[in-house]
Amino acid sequence: MNDFSLPVRVYYEDTDAGGIVYYVNYLKFMERARTEWLRALGFNQSNLPILFVVRDVQMTYQAPALLDDQLKVKVQVTSCKGARIIFEQQILRRDKTLCAGSVEVACVDRQSLRPCRLPKTLLQCLPQLDTK
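Keep in mind it's a predicted model, so treat the numbers as computed, not measured.

**Re a nonpolar patch on the surface**
Here comes step 1: A cluster of nonpolar side chains, Tyr 22, Tyr 23 and Tyr 61, forms an exposed patch at the surface whose accessible area comes to about 330 Å².
Here comes step 2: Secondary-structure assignment places Tyr 23 in helix α1 (residues 23-40).
Here comes step 3: Among the residues examined, Tyr 23 registers a relative accessible area of 48% and is labelled partly exposed.

Dropping the structure here:
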């Protein structure tokens, strides 16, 4: 499952005084979508022996999301190598892209917090990618 999307409703708590989504909340929406993508693959983060930590984020904001908007947060894995996964993500209202970004996450051991390779069980769910 390389393409995944999560519907998200914009609530009052997501907005500033003008009813526009506060910029950091787009990152929260993307985090939720990556979590649900992993859950859809059959993995629950609290049961994994590893943690995913964000290593790098590149974002472009193109138009604001507003109070009560129904958004779609898309997740696509573009690279999966060693201890890292790179996601391309978009947040859309209907068919209009409001925000797009690239998020690189690193895999670390839950106990030592040291980098470690991605679990083979996860890699097996992404056979179409270059996973070397």
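**Describing the confidence of the model for the chain**
Here comes step 1: Across the chain, the average pLDDT comes to 93, with 95% of residues at 70 or higher.
Here comes step 2: The element-level mean pLDDT for the chain is lowest in helix α2 (residues 120-123), coming to 89, with strand β5 (residues 96-109) highest at 98.

**A short note on the pattern of salt bridges**
Here comes step 1: Tallying each qualifying case throughout the model produces five salt bridges.
Here comes step 2: Among the charged side chains, a network of salt bridges with common partners joins Arg 55, Arg 84 and Glu 104.

**Things to note about the environment of Met 59**
Here comes step 1: Structurally, Met 59 can be placed in strand β2 (residues 50-61).
Here comes step 2: Linking Met 59 and Val 103, residues 44 residues apart in sequence, is a C-alpha distance of 8.5 Å.

**Re the sheet that holds strand β4 (residues 84-93)**
Here comes step 1: The strand order across the open sheet built from five strands is β1-β3-β4-β5-β2, with neighbouring strands paired in antiparallel fashion. Of all strands in the sheet, those with a lone pairing partner are β1 (3-9) and β2, marking the two edges. Each adjacent strand pair in this sheet contributes to an overall mean axis angle of 25°, direction not counted.
Here comes step 2: With ten bridges joining them, strand β3 (residues 70-81) and β4 adopt antiparallel strand pairing. Its bridge partner lying in β4, Cys 80 is registered against Ile 85.

What counts, and at which threshold
Residues numbered from 1 in each chain as written. Predicted model: local features only at pLDDT ≥ 70, side-chain atom pairs only at ≥ 80, totals over all residues. Heavy atoms only, no water. Patch = residues over 30% accessible without salt bridge, like charges linked within 9 Å, V, L, I, M, F, W, Y side chains within 5 Å. Areas by Shrake-Rupley, 256 points an atom, 1.4 Å probe, with all protein chains shown as cover. Salt bridge = Lys/Arg side-chain N within 4 Å of Asp/Glu carboxyl O. Helix = DSSP H or I, 4+ residues; strand = E, 2+ residues; numbered from the N terminus. Buried < 20%, exposed > 50% of the residue type's maximum accessible area, 1.4 Å probe, protein only. pLDDT = per-residue confidence, 0-100. Pairing = 2+ DSSP bridges. Axes fitted to C-alpha atoms, helices over the stretch in contact; angles between N-to-C directions.

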